[in-house]
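# Observations on the model geometry
Each chain, letter by letter, is given below.
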Amino acid sequence: MEGPGGHKPSKTEFTECWKTTWKTPYIMRLALSAGIGGLLFGYDTGVISGALLYIRDDFKSVEKQTWLQETIVSMAVAGAIIGAAFGGWMNDKYGRRKSILLADVVFFVGAIIMAVAPVPWVIILGRIFVGLGVGMASMTSPLYISEASPARIRGALVSTNGLLITGGQFLSYLINLAFTRVPGTWRWMLGVAGLPALVQFVLMLSLPESPRWLYRQNKPQEARAILEKIYPSNEVEEELKALESSIEAEKADEGSIGDGIFSKLKNAWGNVIVRRGLYAGITVQVAQQFVGINTVMYYSPTIVQLAGFASNKTALALSLITSGLNAIGSIVSMACVDRFGRRKLMIISMFGIISCLVVLSFLFFEASTHAPHISNFESIHFGTNSTCSSYLMAPDASSWNCMSCLRASSDCAFCANGANKYHPGACLAKSDDIRNTCHGEQRTWYTNGCPSKFGFLAVLFLGLYIISYSPGMGTVPWIVNSEIYPLKYRGIGGGIAAVCNWISNLIVSETFLTLTEALGSAGTFLLFAGFSLIGMVAIYFVVPETKGLLFEEVEKMLGKGYKPSLFNSNKKDSSAPAVDDSERPSHKKKDNSPAVDDSELLSHKKKYNSPDVDDSELVK
């Protein structure tokens, strides 16, 4: 699943990160240990796509019932929604470290349950447990890394969590391939997921709690001891004071927006700036899911089979390409997002996504139209009892092709022509014995897609779709949500948008196979192209550019009301309004507290990662 990203680091942060972690390896140990949570997140997203192929082979009820396949996939997402909500509460109540440890235990239990599952409903139970662990880890790992990292390299270290998510997806496809010829296939694929959770559990036992959480729990000496391991001795006192002032401000903000979740929601929605920020934040999160990305991540091998590649192993090997491209795209995003801006990158990404989805729809339509015909001679060749009953009873059987056979009933399969798979073949009853007979004559057995000359083109454009998605819509929505809300509403605003993302993910993953049955592959991809077009229009109208703007400037822009440049008489893009000296943040805080010196302003700039705003602008 495409999940939480985070703060986007600059190139200088990566350079500084390398230097700092080289001098203090303990920092990298903290980041990588917690970052295994991202690896678990990514692994679970990718592994089910391959395991599902073999679960269908072992359980005929799963093969025949589309809703059961969708439930096996999507229950992890449902569990993640609950896990993320529970994880947020547990983070504050018991600390980040204990939350990660519990997430590992839950994930490990889920992996074992899936590996030994005797029936499909036990797999579903295991998926719920794994989802709970994923949801807790997705909330906690970036937070722990952020709070246990030096401020100057925080962005670069948090980004390792995002890289480990895509790395986990790629690793899952490799492991899927490795177990294709091993007895128990899917059981090993799903069971191996418990190993990273076990490794992280052992590593986290030897690591400390977040210094920020400790300070909030009135344990300043313990917080100081951890800061001494992270910062040079001459910086510890300064960081402790910064931590103290930050937590005091945080507590004051919490008091001003309410204590309970409902009062926080009411106050957030009642604030016009936050409400407009939510329009933008929710729009990009929902659009991210409704372009159909997680159908590709969860069902990639199945989609490849729909394109005409019958072999499970071939489908997994080709799916490895899409996962690799997604990982590369995440790296490309780091280089592009601060150069081209958030809004522009998302719109360009959407244009590419729509183009690829339309082409994929056309290719799947052509593949369906030009599927091999059904030959009565070929079908009877295997015996009347072996022929699919739907074909025998059809009044228009002479006009059937391979796709007609597969759509007629879940009990029908296509056995390709032995001389040439594109020539007329047989529509047979779906059973292990008949499949073995078909293979015994050196023929290919199809249950999801049909032989197609368009298959490689479909895989090519599936790869282009990933390339279009990953650098833009894959990462930018999370960056926008980290910048679009006023500071004291950032937690509740980002949480609302994240929940919308998870729910959208659940809807898409729970309906994809049903849509392909009802609309066909071509109709389903065209539907996602329509959703993507709506998303692109919505992004154009409601999402401003936040690149290089201070948080105060973003608030001012939202307070005035954002309009895209085409509808603004000012030639400059209204997403980056000119702000005169009187409107820029003054040296005094909003509560008229004493002036702060320039070093604090520069520290403020580093903290909020505004590399495009120079020092002269900050101290005007």
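Please read all numbers here as calculations on a predicted model, not as lab measurements.

## Points about the packing of aromatic side chains
- Inspection of every chain in the model, using the stated rule, returns 14 aromatic pairs.
- With a centroid separation of 5.4 Å and an interplanar angle of 90°, the aromatic rings of Tyr-540 and Phe-541 are classed as edge-to-face.
- Tyr-540 sits in the partly exposed class, given a relative accessible area of 23%.
- Taken together, Phe-86, Trp-89 and Tyr-94 form an aromatic cluster joined through their ring pairs.
- The ring centre of Trp-269 lies 6.0 Å from the NZ or CZ of Arg-275, which sits over that ring.

## Details of the state of the cysteines
- One pass over the full model with this rule turns up four disulfides.
- The residue that forms a disulfide with Cys-402 is Cys-450, at a sulfur-sulfur distance of 2.1 Å. One disulfide, between Cys-402 and Cys-450, carries an S-S torsion of -90° and so falls in the left-handed class. In this pair, Cys-402 sits in helix H20 (residues 402-408) while Cys-450 sits in the loop between strand S3 (445-446) and helix H22 (455-469), placing the two residues 48 residues apart along the sequence. Each member of the pair, Cys-402 as well as Cys-450, carries the same accessibility label: buried.
- What links to what in the chain: the bonded cysteines, counted in sequence order, pair as 1-4, 2-8, 3-6, 5-7.

## Overview of helix H5 (residues 96-115)
- Along its 20 residues, H5 runs 29 Å from first to last C-alpha, staying within 8% of the 28 Å computed at 1.5 Å per residue.
- Most of H5 is tucked away: 14 of the 20 residues are buried.

## Details of a nonpolar patch on the surface
- Taken together, Val-105, Phe-108, Val-109, Ile-112, Val-116, Leu-195, Leu-198 and Val-202 make up a surface patch of nonpolar side chains, about 640 Å² in accessible area.
- The set of elements that each furnish at least two residues to the nonpolar patch consists of H5 and helix H9 (194-205).
- Inspection of the secondary structure puts Val-116 in the loop between H5 and helix H6 (120-147).
- Of the residues examined, Val-116 reaches a relative accessible area of 57% and is grouped as exposed.

## Considerations on the confidence of the model for the chain
- Taken residue by residue, the chain gives an average pLDDT of 81. The fraction at 70 or more is 83%.
- Of all secondary-structure elements in the chain, the lowest mean pLDDT belongs to helix H27 (residues 615-618), at 40, while strand S2 (residues 426-429) reaches the highest, 94.
- Contacts for the low-pLDDT stretch residues 567-620, under 50 throughout, to residues beyond four places or in other chains number 66 contacts.

## Digging into unusual backbone geometry
- Despite not being glycine, Asn-218 shows a phi value in the positive range, around 60°.
- Structurally, Asn-218 is set in the loop between helix H10 (211-216) and helix H11 (220-230).
- Judged by its relative accessible area of 63%, Asn-218 falls in the exposed class.
- The backbone of Gln-442 shows a phi angle near 60°, a positive value even though the residue is not glycine.
- Mapped onto the elements, Gln-442 comes out in the loop between helix H21 (432-440) and S3.
- Exposure remark for Gln-442: the relative accessible area of 67% places this residue in the exposed category.

Reading guide: rules and limits
Residues numbered from 1 in each chain as written. Predicted model: local features only at pLDDT ≥ 70, side-chain atom pairs only at ≥ 80, totals over all residues. Heavy atoms only, no water. Phe/Tyr/Trp six-rings, centres within 6.5 Å; stacked < 30°, edge-to-face > 60°. Buried < 20%, exposed > 50% of the residue type's maximum accessible area, 1.4 Å probe, protein only. Lys NZ or Arg CZ within 6 Å of the ring centre and 35° of its normal. Disulfide = S-S within 2.5 Å. Helix = DSSP H or I, 4+ residues; strand = E, 2+ residues; numbered from the N terminus. Expected span 1.5 Å × (residues − 1). Patch = residues over 30% accessible without salt bridge, like charges linked within 9 Å, V, L, I, M, F, W, Y side chains within 5 Å. Areas by Shrake-Rupley, 256 points an atom, 1.4 Å probe, with all protein chains shown as cover. Salt bridge = Lys/Arg side-chain N within 4 Å of Asp/Glu carboxyl O. pLDDT = per-residue confidence, 0-100. Contact = heavy atoms within 4.5 Å.

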